[in-house]
Amino acid sequence: MGADSMRRTGAILLVILGGAALWWAGNGAPASASANDAMVATIAAARERAAANDPRLKGASRFEEGGWIYVHLEGDPGAVGYQHGYLLAPEIEDGFAAVSAGMIHATERDWEFFRKAAHEMLWPKIDAEYQQELQGIVEGLRARTGSKLDVDDLVAFNAFEELPDYYVPWLNKRQKEANAPNLKSPGNCSAFVATGSWTKDGQIVMAHNNWTNYRNGERWRIVFDIAPKNGYGMLMDGFPGVIASDDDFGINSDGLMVTETTITQFEGWDPNGKAEFVRARKALQYAGSIDEYTKIMLDGNNGGYANDWLLGDRKTGEIAQLELGLKAYKLWRTKDGVLAGSNWARDTKVLKEDTPQFDPNNKDSSPNARRVRWEELLNENKGKIDVALAEKMLGDHSDTAEKKEDANERTLCGHVDGSRRGVKEWDWQPYYPGGAVQGKATDATMTKEMRIMARMGHPCGGDFLAKPFLAAHPEYAWQEPYLRDMKAGPWTEFRSGQTPKE
Ligand SMILES: [Zn+2]
């Protein structure tokens, strides 16, 4: 008997002994609540010990640094999922509570509605590999905490960027729902990718800050290092319990570099398509070129979480922008140029067919004001762009509409909680607690070595404090159980295969 199986036998024995203790308590002295509590604790401890010895955890690890939680996951899909669920169990339970509350609040639909959509519409079209990984997450989570979440909960949760803001408005329109809530597709993120004469070393530089509500954003603090049995190794930021980066920023071991910004005022959904979170994960795992990436994203495009994907291939020095609408899409590519994003579509066909409400000429809107700032900033720094400069750009507070420094909804580092205007294009009301919640940057050399830089919190280093915010803005009181302080950490380097510092 090896040490592993001895530990397992010991753990099983503990469960049996724990059960005997309950029987004893039930039959002996008057049943007391404290005896029962002790019993529950004993079973929980035994379950945790048994789970910790599961052979599927082999090779997995977790550590925390700079405000981030880094996890290394490896093996077949079921093992990758089990490790994810086990290592991040407390964060998944907490993230699920915050995200599901937001989905229910915004759509005025109950959670059963989302479970049904996940089960009937999304699950049948998820590749077997990712079904196994999602099932593995549930098993790891349950083994660790005794969680009641099942795979339908997890699939609906993984689709949190696509079900509430793409599927539900499409459904409301179709069912001619009276008094349907005003749901808008999100406008997440500021990003760029540059190459050739634009960068200091002539190779690719890529940077991204994640815009979302602070409730979710404060929890978007995972660095996933995944070595899957099939496909390429991946290093990406992400959300606990979700299999895609989802904000998105990632690199793979074949040299593909991926980020995106979301298309403002996008409308459309195809119920027969494949979930976006599955396509995005698959593309990062299996694409070794810009063409392969595009092919995977187009296969079964459901219109969910429609993005302008910014791509780089460090092997060729080529960068690309895939503007992925549902009715239309366009791919631009170059070996000497810069492509930036701040939530605006630019292809005339995509603008006309997929974002009919978006006004590309309104210089006061968040997407367009940031577009002007990216043009200024990138042109001023042509030939000098590197990772250190990219980090500074992600924290930029220049408002091009008012021509002054003022951290608000129009600055690359967004602080919408400081804006009396909010962002009407995304239905973000005045002083909405949302904006840039973290930033990442990398270049071709770092990608070759599977390294990225990441900063948790506002990329400028500013802190968001929940208590004074809620006191000043009681209209957001419903978020109180979930809204936390979001304090900025330092820019921190992470690499594939990293182990915790002793
Ligand atoms: Zn800032």
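Please read all numbers here as calculations on a predicted model, not as lab measurements. (Residues numbered from 1 in each chain as written. Predicted model: local features only at pLDDT ≥ 70, side-chain atom pairs only at ≥ 80, totals over all residues. Heavy atoms only, no water.)

Asker: Is there a simple way to explain the coordination of the zinc ion in this structure?
Answerer: A four-donor tetrahedral metal ideally has 109.5 degree angles, and a six-donor octahedral metal ideally has angles of 90 or 180 degrees. Looking at the metal site, the zinc ion is ligated by H397 (NE2), C413 (SG), H415 (NE2) and C460 (SG), spaced 2.0 to 2.3 Å from it. On the primary sequence, the residues serving as donors to the zinc ion are separated as H-x15-C-x1-H-x44-C. Here H397 is found in the loop between α14 (387-394) and β13 (398-399), whereas its partner C413 is found in the loop between β14 (404-405) and β15 (434-443), with 16 residues between them in sequence. Of the two residues, H397 and C413, neither departs from the other in class, the shared state being buried. (Donors = N, O, S within 2.8 Å, 3.2 Å for Na, K, Ca; no water. Helix = DSSP H or I, 4+ residues; strand = E, 2+ residues; numbered from the N terminus. Buried < 20%, exposed > 50% of the residue type's maximum accessible area, 1.4 Å probe, protein only.)

Asker: Where do I start with the layout of surface pockets in this structure?
Answerer: Picture a little ball the size of a water molecule; that probe, rolled over the atoms, points out where space is still empty. The space that makes up the largest pocket amounts to roughly 660 Å³. As for the largest pocket, its lining consists of 29 residues, and the residues nearest its centre are G102, A106, D165, W428 and Y432. The set of elements that each furnish at least two residues to the lining of the largest pocket consists of α4 (89-107), α8 (163-174), β4 (205-213) and α9 (214-217). Here the element with the most residues in the lining of the largest pocket is α4; it accounts for five residues. The class makeup of the residues in the lining of the largest pocket is 13 nonpolar, nine polar and seven charged. There is about 560 Å³ of room inside the second largest pocket. (1 Å grid on protein atoms, 1.4 Å probe; cavity = no way out; pocket = protein on both sides within 12 Å on 5 of 7 lines; lining within 4 Å. Points joined across faces, edges and corners; volume = space filled by probe spheres on them. Nonpolar A, V, L, I, M, F, W, Y, C, P; charged D, E, K, R; others polar.)

Asker: Can you walk me through the sheet that holds β4 in this structure?
Answerer: The strands that make up a sheet pair up through hydrogen bonds in the backbone, lying either parallel or antiparallel. Taken in spatial order, the six strands of this open sheet run β12-β3-β4-β15-β16-β17, and their pairing is antiparallel. Each of the sheet's edge strands pairs with one partner strand only, and the pair in question is β12 (337-341) and β17 (492-495). Strand-to-strand twist across the sheet, computed as the mean angle between neighbouring axes with direction ignored, equals 20 degrees. Sheet analysis places strand β3 (residues 190-195) next to β4, joined by five bridges and oriented antiparallel. Paired with F192 across the two strands is A207, which belongs to β4. Sitting on the sheet, helix α13 (residues 366-380) is in contact with β3, β4 and β12, with an inclination near 30 degrees to β3. Strands in contact with α14 are β3, β4, β15 and β16 (451-456); relative to β15, the strand with the most contacts, it is inclined by about 170 degrees. (Pairing = 2+ DSSP bridges. Axes fitted to C-alpha atoms, helices over the stretch in contact; angles between N-to-C directions. Contact = heavy atoms within 4.5 Å.)

Asker: Quick question: what am I supposed to make of the sheet that holds strand β8 (residues 256-262) here?
Answerer: Pairing is mixed in the open sheet, where nine strands are placed in the order β1-β2-β5-β6-β7-β8-β9-β10-β11. In this open sheet, the two edge strands, each paired with only one partner strand, are β1 (61-65) and β11 (329-334). Within the sheet, the average angular offset between the axes of one strand and its neighbour, ignoring direction, is 15 degrees. Sheet analysis places strand β5 (residues 222-228) next to strand β6 (residues 234-238), joined by five bridges and oriented antiparallel. Looking at β6, one finds that I226 is bridged to M234.

Asker: Explanation requested: empty space enclosed by the protein in the structure shown.
Answerer: Across all of its chains, the model carries two cavities of 30 Å³ or more by this definition. Space inside the largest cavity adds up to approximately 70 Å³. For the largest cavity, the full set of lining residues is M236, A244, S245, D248, F249, G250, V258, A280, R281, L284, Y293 and W309. Sorting elements by how many residues they give to the lining of the largest cavity places helix α10 (residues 276-286) first, with three residues. Here the residues of the lining of the largest cavity are counted per class, giving eight nonpolar, two polar and two charged. Of the voids in this model, the second largest cavity is the one considered here, and its volume is about 40 Å³. Lining the second largest cavity are G75, D76, P77, V80, E129, E133, P228, K229, N230, R281 and Q285. Elements with a contribution of two residues or more to the lining of the second largest cavity: α3 (77-87), α6 (128-145) and α10. Among the residues making up the lining of the second largest cavity, the classes are represented as three nonpolar, three polar and five charged.

Asker: Is there a simple way to explain the environment of M39 in this structure?
Answerer: Position of M39 among the secondary structure elements: in helix α2 (residues 33-52). Placed 371 residues apart in sequence, M39 and R410 show a C-alpha to C-alpha distance of 55 Å.

Asker: Where do I start with the packing of aromatic side chains in this structure?
Answerer: Think of a pair of aromatic rings as described by two things: how far the centres are apart, and how the planes are tilted against each other in angle. In total, this model carries 26 aromatic pairs according to the counting rule given. Geometrically, the ring pair formed by Y167 and W269 is tilted, given 5.5 Å between the ring centres and 45 degrees between the ring planes. Linking Y167 in helix α8 with W269 in the loop between β8 and α10, this pair joins segments that are 102 residues apart in sequence. Of the residues examined, Y167 reaches a relative accessible area of 10% and is grouped as buried. Between W220 and F239, the ring centres sit 5.3 Å apart and the planes meet at 80 degrees, which makes this aromatic pair edge-to-face. Of this pair, W220 sits in the loop between α9 and β5 while F239 sits in the loop between β6 and β7 (249-252), and the two are 19 residues apart along the sequence. The same class applies to W220 as to F239, namely buried. If you follow R370 out to its NZ or CZ, it ends over the ring of W211, 4.0 Å from the centre. (Phe/Tyr/Trp six-rings, centres within 6.5 Å; stacked < 30°, edge-to-face > 60°. Lys NZ or Arg CZ within 6 Å of the ring centre and 35° of its normal.)

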